[in-house]
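Chains, contacts and geometry: an overview
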Amino acid sequence: MRGRSNPPVRLTRRGRIVLIAFVSLLTLVFLWYGTRSAVTASTGVPDRAGLPWVTVQKGDTLWKIATAISEGNDPGPMVRQIMTLNGLPDPLIRPGTKLYLPTGQAG
């Protein structure tokens, strides 16, 4: 007796739409996860253990804090170091925020 061959799998129009939507959603999830991983890896905050820190008071700015600790030097590079050290995306700070300072700086 001869075995029956299985007919090829056929998708209906609705089945194709569901399959395409599923594959598209899966692709978007992987792309989103990949961008989140890249952002997290590229904005890694350095180790801050043992570093001096200050608590931001009302009226404080990064420029004002950097000027106070830069010992008469240009505070611009110090602002950038503080931003990098604390993982700040921009120079806006809020009262009550704990800011770590580069090594050797007094708070």
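Here the structure is a predicted model, which is why all the values come from computation and not from measurement. (Residues numbered from 1 in each chain as written. Predicted model: local features only at pLDDT ≥ 70, side-chain atom pairs only at ≥ 80, totals over all residues. Heavy atoms only, no water.)

**Digging into the overall build of the protein**
Selection criterion: Strands here mean DSSP runs of E at least two residues long; helices mean DSSP runs of H or I at least four residues long; both are numbered from the N terminus. Exposure classes here rest on a 1.4 Å probe applied to the protein chains alone. A residue is buried below 20% of its type maximum, exposed above 50%, and partly exposed in between. Whether two residues are in contact is decided by their heavy atoms, any of which lying within 4.5 Å being enough. Methods summary: accessible areas were calculated by the Shrake-Rupley approach with a probe of 1.4 Å, and residue burial reflects only the protein chains presented.
From N to C terminus, the protein includes three helices and two strands. Here the protein holds 107 residues, and 20% of them are scored as buried. In the protein, once contacts between residues fewer than 6 apart in sequence are set aside, the share between residues at least 24 apart is 59%. In the form shown here, the protein has an accessible surface area of approximately 8,800 Å², with 61% of it arising from carbon and sulfur atoms.

**Details of helix α2 (residues 62–69)**
The criterion, for reference: Think of the arc as the fan of directions from the helix axis to the C-beta atoms.
Buried within α2 are the following residues: L62, I65, A66 and I69. Around the axis of α2, the buried residues are gathered within 95° of arc, so they sit on the same side. Buried-residue contacts for α2 involve β1 (53–55), α3 (75–86) and β2 (98–100).

**Description of the nonpolar core**
The criterion, for reference: For our purposes a nonpolar core is just a set of buried Ala, Val, Leu, Ile, Met, Phe, Trp, Tyr and Cys residues, chained together by side-chain atoms within 4.5 Å.
Counting 13 residues, the largest nonpolar core has L62, I65, I82, I93, L99 and L101 as its most contacted members. Of all elements in the fold, only α2 and α3 reach the threshold of two or more residues within this core.

**Comments concerning the side chain of N86**
Here is the rule we go by: Identification of polar contacts relies on pairs of N or O atoms within 3.5 Å, with a donor-acceptor requirement for protein atoms, meaning one able to donate a hydrogen and the other able to accept it, and with residues adjacent in sequence counted only if both atoms are side-chain atoms.
As for its position among the elements, N86 is in helix α3. Residue classification places N86 among the buried residues on the basis of a relative accessible area of 11%. Within the structure, N86 has its side chain in polar contact with the backbone oxygen of I82 (distance 2.8 Å). Here the side chain of N86 touches Y100 through a polar contact of 2.7 Å, landing on its backbone nitrogen.

**Section: α3**
Operational definition: One less than the number of residues in a helix, times 1.5 Å, gives the span that helix is expected to have.
Here α3 contains twelve residues, and its C-alpha end-to-end distance of 16 Å stays within 8% of the 16 Å for a straight helix at 1.5 Å per residue. Those residues of α3 lying buried are P75, M78, V79, I82, M83, L85 and N86. Taken down its axis, α3 places every buried residue within 165° of arc, on the same side. Residues of α3 that are buried make contact with α2 and β2. Looking at where α3 begins, the residue whose side-chain oxygen comes 3.2 Å from the main-chain nitrogen of G76 is D74. Looking at the residues trailing α3, positive phi occurs at G87, about 65°.

**Focus: unusual backbone geometry**
The phi dihedral of E71 falls on the positive side, at around 55°, and the residue is not glycine. Mapping E71 onto the fold places it in the loop between α2 and α3. Exposure remark for E71: the relative accessible area of 69% places this residue in the exposed category.

**Considerations on the packing of aromatic side chains**
Going by this rule: Only Phe, Tyr and Trp rings take part, Trp by its six-membered ring, and two of them pair if their centres are within 6.5 Å. Stacked means planes under 30 degrees apart, edge-to-face means over 60, and tilted covers everything else. Consider the ring centre and the ring normal. A charge sits over the ring if Lys NZ or Arg CZ is within 6 Å of that centre and within 35 degrees of that normal.
Here the structure, examined in full by the defined rule, presents zero aromatic pairs. The ring of W53 has K98 sitting right over it, with the charged end atom 4.2 Å from the ring centre.

**Re the confidence of the model for the protein**
In plain terms, the rule: Scored from 0 to 100, pLDDT reflects the predictor's confidence in each residue.
Averaged over every residue, the pLDDT of the protein is 83; the share at 70 or more is 82%. Per-residue pLDDT, averaged within each element of the protein, yields its smallest value for helix α1 (residues 13–42) (83) and its largest for β2 (92).

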